[in-house]
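# Remarks on the overall topology
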Amino acid sequence: MHSVQSNVDAIEAERFRQFIMGVTDYAIYMLSPEGVVVTWNAGAQRFKGYPPDEIIGRHFSMFYTEEDRAAGRPAYALELARSSGKFEDEGWRVRKDGSRFWASVVIDPIVDPTGELLGFAKITRDITERRVAAEQLERAREALFQSQKLEAIGKLTGGIAHDFNNLLNVIMNGLELLRMSRDPAMHSKSIDTMSRAAQRGASLTQQLLAFARQQPLRQDPHDVARVIRSFESVLRRALPDDMRLHLQLQSDLPQAMLDPTQFESALLNLVVNARDAMDGSGEVLMDLSAVTLTEAQVEQLPAGRYVRVMVRDRGVGMTPDVIKRAVEPFFTTKEVGKGTGLGLSQVYGLMQQCQGALTLESQPGEGTSVSMYFPAVRRQGPIDEGKGPAEKVLLVDDQPEVLETAISLFTHLGYEVLSADNGMQALETLRLNPGISILFSDVVMPGMSGVELGQIARREIPELKIVLASGYVKAALGDQMPDIGNFELIAKPYRLSDLIRTLKVL
């Protein structure tokens, strides 16, 4: 009986061996404990190119590239298979003719009942076609991404050119009128028109910088309800008589880190969008509340406490395709002349800078809800409004026209003004005039930058108040961004009201 069973087992083993030897889609062969090839099937011969008599008895490392052999990959594969019970890998292997193919490899150790290593079973698949297909797909995706990026850049530059050409046209025509006309009323009207155009240009620049996350923010803990209340009259004036703004502000909210000026601009953008979506009639709801979020519950925000500002309308709503593109610069569904397409993109850029999130919920015909999530802070209570203005200020700028304008503004505000057109001259002026309380400097200047000037001045005069001005702070400062924590920042171009606000917090 035992002999019969042995014969059956031998027959089954031979059938299995013949089956393995006949497989053509996989290289299946055995290795000795040292890595020498002891069996070789049809699949191995088909895509590695060696007949059995040329390979049996040789070390399997001959299939590896020179680089992998030099790095010890064959020995590492056997050692890992022996220690962990299996080795799996993908990589280049070499055929008999020297060509390479991308292989998927599995090595399993073979042990006897006592645990002694008898050798290894090795299975190799040629997956070159799959790898090539994956690479082609990745190249196609990259090409599509580059195409979309170029399309977005084209829209951005085209929109910028269109809007700024309009503003420049207003200013150039206004200057021509000033030269030709002696009528004081015409002069006043032209100046007002040019002033509004310049302000729109400054606002457009700030929106672009906010979208690019380059607009400098002055983030401090603020009572968001108080900021909204102080800006409420402006928001209501943005709505026609047939529309109402309903404020729903939760009490006892935690403070949030934000820049009031940028926050107010974002609120105004959202209210104007809601107004346009409802065609001038209906109610805009602004809801302020505190929410506790779990990890990635909203976008990729970490778990924690947030202050949410939601603006909701009951207007035409947006389709899913429009929602996907809503924060793209210059994308707009409004009629020509009724919007730059930068409103939501500016809000999106602001929220990214604030480490918050912007979400959109909308259905066609059912309106839209836009929510801003600001990280909450523990400290509560009113923010210190700062001390009064200083008596003497040193203005530093290498551009004569800019310096002259700044001197006029500060003089108008009642300051005793000293000036310098470079950093070294400014330091000399500071040392010769101990009564200077404020240093107001441009950032980008030849030789010594405004940051370097501020650092030296602060070391010599610790109580000196320092304000740095730049139109593109992040690019201007670069690696020096971390060094400006003790300085105030003001973005160019600045208005008199911006200057007063900055000086109040010194």
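These notes cover the structure that comes with them. (Residues numbered from 1 in each chain as written. Predicted model: local features only at pLDDT ≥ 70, side-chain atom pairs only at ≥ 80, totals over all residues. Heavy atoms only, no water.)

Looking now at the overall build of the protein. If you tally the helices and strands in the protein, you get 16 helices and 16 strands. Burial statistics for the protein: of 506 residues in total, 39% are counted as buried. For the protein, the share of sequence-separated contacts (at least 6 apart) that also reach a separation of at least 24 residues comes to 61%. In the form shown here, the protein has an accessible surface area of approximately 28000 Å², with 53% of it arising from carbon and sulfur atoms. (Helix = DSSP H or I, 4+ residues; strand = E, 2+ residues; numbered from the N terminus. Buried < 20%, exposed > 50% of the residue type's maximum accessible area, 1.4 Å probe, protein only. Contact = heavy atoms within 4.5 Å. Areas by Shrake-Rupley, 256 points an atom, 1.4 Å probe, with all protein chains shown as cover.)

So, on to the environment of Ala 197. The residue Ala 197 is located in helix α7 (residues 184-211) in this model. Exposure remark for Ala 197: the relative accessible area of 1% places this residue in the buried category. Once the C-alpha coordinates of Ala 197 and Val 170 are considered, the two residues, 27 residues apart in sequence, prove to be 6.7 Å apart. When neighbours within four sequence positions are excluded, Ala 197 is seen to be in contact with Leu 167, Val 170 and Ile 171.

Let us now look at the environment of Lys 86. With respect to the helices and strands, Lys 86 occurs in the loop between α5 (73-84) and β2 (87-94). Look at Lys 86 and you get partly exposed, because its relative accessible area is 41%. For Lys 86 and Pro 109, which are 23 residues apart along the polypeptide, the C-alpha to C-alpha distance reads 6.9 Å.

All right, on to the nonpolar core then. Within the largest apolar cluster, 39 residues are counted, with the highest numbers of intra-cluster contacts made by Val 224, Ile 228, Phe 263, Met 286, Val 309, Met 372 and Phe 374. If you look at the next biggest cluster of nonpolar residues, it comprises 22 residues, including Ala 27, Met 62, Ala 77 and Val 105. (Core = buried A, V, L, I, M, F, W, Y, C linked by side-chain atoms within 4.5 Å.)

Here the focus is the sheet that holds strand β15 (residues 465-470). The strands that make up a sheet pair up through hydrogen bonds in the backbone, lying either parallel or antiparallel. Reading across the sheet, the five strands line up as β13-β12-β14-β15-β16 and stay open at both edges, with parallel pairing between neighbours. The open sheet is flanked by β13 (416-420) and β16 (488-491), the only strands paired with a single partner. On average, adjacent strands in this sheet sit at an angle of 20 degrees to one another, irrespective of strand direction. Sheet topology places strand β12 (residues 392-396) next to β13; five bridges connect them, and they run parallel. The residue of β13 that forms the bridge with Leu 394 is Leu 418. Contacting β12, β14 (438-442) and β15, helix α14 (residues 450-460) runs over the sheet at an angle of about 160 degrees to β14. Contacting β14, β15 and β16, helix α16 (residues 496-504) crosses the sheet at an angle of about 175 degrees to β16. (Pairing = 2+ DSSP bridges. Axes fitted to C-alpha atoms, helices over the stretch in contact; angles between N-to-C directions.)

The next point concerns the pattern of salt bridges. Using the criterion set out here, one finds 13 salt bridges in the structure. Notably, a salt bridge pairs Glu 54 with Lys 96, separated by 2.8 Å at the nearest N-O pair. Of this pair, Glu 54 sits in helix α3 (residues 52-55) while Lys 96 sits in the loop between β2 and β3 (100-111), placing them 42 residues apart in sequence. Assessed through its relative accessible area of 42%, Lys 96 is described here as partly exposed. (Salt bridge = Lys/Arg side-chain N within 4 Å of Asp/Glu carboxyl O.)

What follows is about the packing of aromatic side chains. Tallied over the full model, the rule gives eleven aromatic pairs. Where Tyr 29 meets Trp 40, the ring centres are 4.9 Å apart and the plane angle is 50 degrees; that geometry is what we call tilted. Here Tyr 29 is found in strand β1 (residues 27-31), whereas its partner Trp 40 is found in the loop between β1 and α2 (42-48), with eleven residues between them in sequence. Each member of the pair Tyr 29 and Trp 40 is classed as buried. The structure contains a cluster of three or more aromatic residues connected by ring pairs, namely Tyr 29, Trp 40, Tyr 50 and Phe 63. Just above the ring of Phe 63 sits the side chain of Lys 48; from NZ or CZ to the centre is 3.7 Å. Over the face of the ring belonging to Tyr 64 we find Arg 93, whose NZ or CZ atom lies 4.0 Å from the ring centre. (Phe/Tyr/Trp six-rings, centres within 6.5 Å; stacked < 30°, edge-to-face > 60°. Lys NZ or Arg CZ within 6 Å of the ring centre and 35° of its normal.)

This brings us to the packing of helix α13 (residues 423-432) against α14. Between α13 and α14, whose axes approach to 10 Å, the crossing angle comes to 15 degrees. Classed by the angle they form, the pair α13 and α14 counts as roughly parallel. Handedness of the crossing formed by α13 with α14: right-handed. Contact residues: α13 offers Gly 423, Ala 426, Leu 427, Leu 430 and Arg 431, while α14 offers Leu 453, Ile 456, Ala 457 and Glu 460. Residue composition of the contact of α13 with α14, grouped by class: six nonpolar, one polar and two charged. (Parallel < 35°, antiparallel > 145°, perpendicular 65-115°, else oblique. Left-handed = near helix turned anticlockwise from the far one by under 90°. Nonpolar A, V, L, I, M, F, W, Y, C, P; charged D, E, K, R; others polar.)

Turning next to the sheet that holds β3. Taken in spatial order, the four strands make up an open sheet running β1-β4-β3-β2, and their pairing is antiparallel. Every other strand in the sheet has two partners, leaving β1 and β2 as the edge strands with one partner each. This sheet shows a mean twist of 30 degrees between the axes of neighbouring strands, independent of strand direction. Where β2 meets β3, eight bridges bridge the pair, whose relative direction is antiparallel. Of the residues in β3, the one forming a bridge with Val 94 is Arg 100. Packing against the sheet, α5 makes contact with β1, β2, β3 and β4 (117-126), and its axis sits at approximately 160 degrees to β2.

Glancing now at the packing of helix α8 (residues 224-237) against helix α9 (residues 260-277). Remark: α8 packs on α9, axes separated minimally by 10 Å, with the N-to-C direction vectors making an angle of 50 degrees. Relative to α9, the element α8 is oriented oblique. The handedness of the crossing between α8 and α9 comes out as right-handed. Judged by residue contacts, Val 224, Val 227, Ile 228, Ser 230, Phe 231 and Leu 235 of α8 engage Phe 263, Glu 264, Leu 267, Leu 268 and Val 271 from α9.

Turning to the pairing of β14, a few remarks are in order. Counting buried residues in β14 gives five out of five residues, a clear majority hidden from the surface. With burial as the criterion, each face of β14 is covered, one bearing Ile 438, Phe 440 and Asp 442 and the other bearing Leu 439 and Ser 441. Across four bridges, β12 lies against β14 in parallel orientation. Counted as the bridge partner of Leu 394 is Leu 439 from β14. For the crossover from β14 across α14 to β15, the handedness is right-handed. (Right-handed = clockwise from strand over helix to strand, strands pointing away.)

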